[in-house]
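# Descriptive structure summary
Residues per chain, in single letters:
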Amino acid sequence: MPEDLHPPAGAAQTWATSAVSIVNGFFGDYLTARQNGLAIDMAFYHHRQPLPLTPASLLRAHPQPTGKICVLVHGLAGHEGVWTFPDPADPTRTTSYGALLHDEHGYAPLFLRYNSGLPIWTNGQRLAALLDELLASYPAPVQDLLLIGHSMGGLVLRSACFYGAQQQLPWVAQVSRVVYLGTPHDGADLERLAHVTETTLQTVPNPITRIVGRFLHQRSQGVKDLRTGALLEPDGAAAPETPWLAAAEHFLMAGTLTDDVQHPATLLFGDGLVRIAGAAAANGRPPTPAAQVHVLPRVHHLQLTRERAVYEQISAWCSPPMRQE
């Protein structure tokens with residue numbers, strides 16, 4: 001199964017996909033507004049190609065559907081390839097959390113690619129509609145929907161769950177678990193720094209600094225939304241706290257740069273981009289029991305998408321019986 005999900009890709013193809021994803025991450029809203037051909041349309045990808053949501057296409061991708069689906073959502077400037085890593089059992093092959101969940105837990109993995117430069121709420125609404133289309137076309141009744149999001153991807157999932165519940169879309173009732181890997185629920189410090197820098201440079205009475213400030217201002221709305229972890233469409237009023245999907249269990253994982261969770265560098269920098277407090281809590285309050293929050297020492301931000309220890313924790317969370325309502 002792993003090699004079917006992630007066939008070998010040439011260096012040129014991998015570089016081109018990564019380059020387009022990076023451009024979308026930082027200027028994706030600009031590309032979409034101008035109908036630029038580089039703008040990524042949200043879709044599930046299989047064999048590095050968009051997967052049409054028809055029963056025939058889904059059956060070709062997953063010939064033995066079990067009614068259990070796992071959806072994996074990458075972070076800012078990423079694509080579905082971020083989940084791929086060498087198989088520890090056979091380094092000549094590649095695998096992913098999705099492939100391993102298929103082999104060990106019977107989940108059919110679906111990998112999302114999206115324009116991460118769009119506002120998070122826009123991607124949340126689009127994903128809510130896409131999941132509705134997926135379940136309507138899936139060639140077997142879906143009874144268990146597992147959602148895994150890395151970094152911004154976790155915010156997109158929370159937004160999609162909010163809008164899906166608001167619209168009473170059928171897929172919401174099938175969500176059993178949502179796993180967040182290094183997700184900045186309280187916002188990202190790096191974007192806060194960029195915001196302060198931009199504001200400061202544009203107020204300095206110097207044409208050069210103002211030009212740099214205006215350039216920083218051109219970063220995408222998706223990036224700007226990371227400052228506070230904004231998930232909902234702004235309506236002019238004070239932003240409400242986004243509720244966590246009540247019917248699902250929520251699991252949060254954070255990485256650190258050091259072995260010591262209390263080390264000053266860990267407290268300041270977390271996994272290099274997201275602090276532990278932001279990845280393992282929302283507004284300072286964990287939405288889950290302590291057993292559903294896990295910190296992995298010496299695992300940096302991107303490594304959270306391709307680390308065997310991360311998968312083993314996800315697998316452990318998937319092993320116990322689901323909570324009975």
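Residues numbered from 1 in each chain as written. Predicted model: local features only at pLDDT ≥ 70, side-chain atom pairs only at ≥ 80, totals over all residues. Heavy atoms only, no water.

### Comments concerning the overall build of the protein chain
In terms of helices and strands, the protein chain carries 12 helices and 10 strands. Buried residues in the protein chain amount to 50% of all 325 residues. Partitioning the intrachain contacts of the protein chain with sequence separation of at least 6 by distance along the chain shows that 79% fall at a separation of at least 24. Looking at the protein chain as shown, the accessible area adds up to about 14800 Å², and 59% of this sits on carbon and sulfur atoms. (Helix = DSSP H or I, 4+ residues; strand = E, 2+ residues; numbered from the N terminus. Buried < 20%, exposed > 50% of the residue type's maximum accessible area, 1.4 Å probe, protein only. Contact = heavy atoms within 4.5 Å. Areas by Shrake-Rupley, 256 points an atom, 1.4 Å probe, with all protein chains shown as cover.)

### Overview of helix α12 (residues 308–318)
For α12, the complete set of buried residues consists of V310, Y311, Q313, I314, S315, W317 and C318. Where α12 is buried, its residues touch α4 (97–105), β7 (144–150), β8 (175–181), β9 (249–255) and β10 (293–296).

### Overview of the packing of aromatic side chains
Applying the stated criterion across every chain, the model contains 6 aromatic pairs. The interplanar angle of 85° and the centroid separation of 5.4 Å between the aromatic rings of Y180 and W244 together place this pair among those described as edge-to-face. Of the two residues, Y180 is situated in strand β8 and W244 in the loop between α9 (221–225) and β9; the sequence distance between them amounts to 64 residues. In this pair, the class of Y180 matches that of W244, namely buried. Following the ring pairs from residue to residue traces out a cluster consisting of W83, F85, Y97 and Y311. The lysine or arginine in question, R113, covers the ring of Y45, its NZ or CZ lying 3.8 Å from the ring centre. Over the aromatic face of W244 sits the side chain of R158, whose NZ or CZ is 3.9 Å from the ring centroid. (Phe/Tyr/Trp six-rings, centres within 6.5 Å; stacked < 30°, edge-to-face > 60°. Lys NZ or Arg CZ within 6 Å of the ring centre and 35° of its normal.)

### Side note on the pattern of salt bridges
Scanning the model with the defined rule gives 3 salt bridges in all. Among the ionic pairs, R308 bridges to E104, the shortest N-O distance being 3.8 Å. On the criterion of sequence distance, the pair formed by R308 in helix α12 and E104 in helix α4 is long-range, its members being 204 residues apart. R308 sits in the partly exposed class, given a relative accessible area of 29%. Judged by its relative accessible area of 43%, E104 falls in the partly exposed class. Between E312 and R308 there is a salt bridge, with its nearest N and O atoms 3.6 Å apart. Here the residue E312 and the residue R308 both occupy positions in helix α12, the gap between them amounting to 4 residues, near one helical turn. A network of salt bridges, in which partner residues are shared, links E104, R308 and E312. (Salt bridge = Lys/Arg side-chain N within 4 Å of Asp/Glu carboxyl O.)

### As for the nonpolar core
Membership of the largest hydrophobic core comes to 47 residues, with the highest contact counts inside it found for F44, L127, L134 and W171. At the level of secondary structure, the elements contributing two or more residues to this core comprise α3 (55–61), β3 (68–73), β6 (108–113), α5 (120–137), β7, α6 (152–166) and β8. Examining the composition of this core, we find that 8 residues originate from one element, α5, more than from any other. The residues contacting L134, other than those within four sequence positions of it, are F44, L53, L58, I69 and L110. In terms of nonpolar packing, the next biggest core, distinct from the first, is built from 24 residues, V82, F85, F251 and M253 among them. (Core = buried A, V, L, I, M, F, W, Y, C linked by side-chain atoms within 4.5 Å.)

### As for the side chain of H150
Here H150 shows up in strand β7. Given the relative accessible area of 4%, H150 is considered buried. In contact with H150, other than residues within four places in its own chain, are V73, H74, G75, W83, L181, T183, H301, L302, L304 and T305.

### Some details on the pairing of β9
Counting buried residues in β9 gives 7 out of 7 residues, a clear majority hidden from the surface. Alternating positions in β9 separate into two faces, E249, F251, M253 and G255 on one and H250, L252 and A254 on the other, with burial throughout. Here β8 pairs with β9 via 5 bridges, running parallel. Within β9, the residue paired with R177 across the bridge is E249. When β9 meets β10, the two strands line up parallel, connected through 4 bridges. Note that in β10 the partner of M253 across the bridge is H294. (Pairing = 2+ DSSP bridges.)

### Considerations on the side chain of D87
Mapped onto the elements, D87 comes out in strand β4 (residues 85–87). One buried charged residue, D87, remains without a salt bridge, the closest side chain of opposite sign being R93 at 4.8 Å. Among all residues touching D87, those that are not within four sequence positions of it are R93, T94 and T95. (Lys, Arg positive; Asp, Glu negative; His and termini not counted.)

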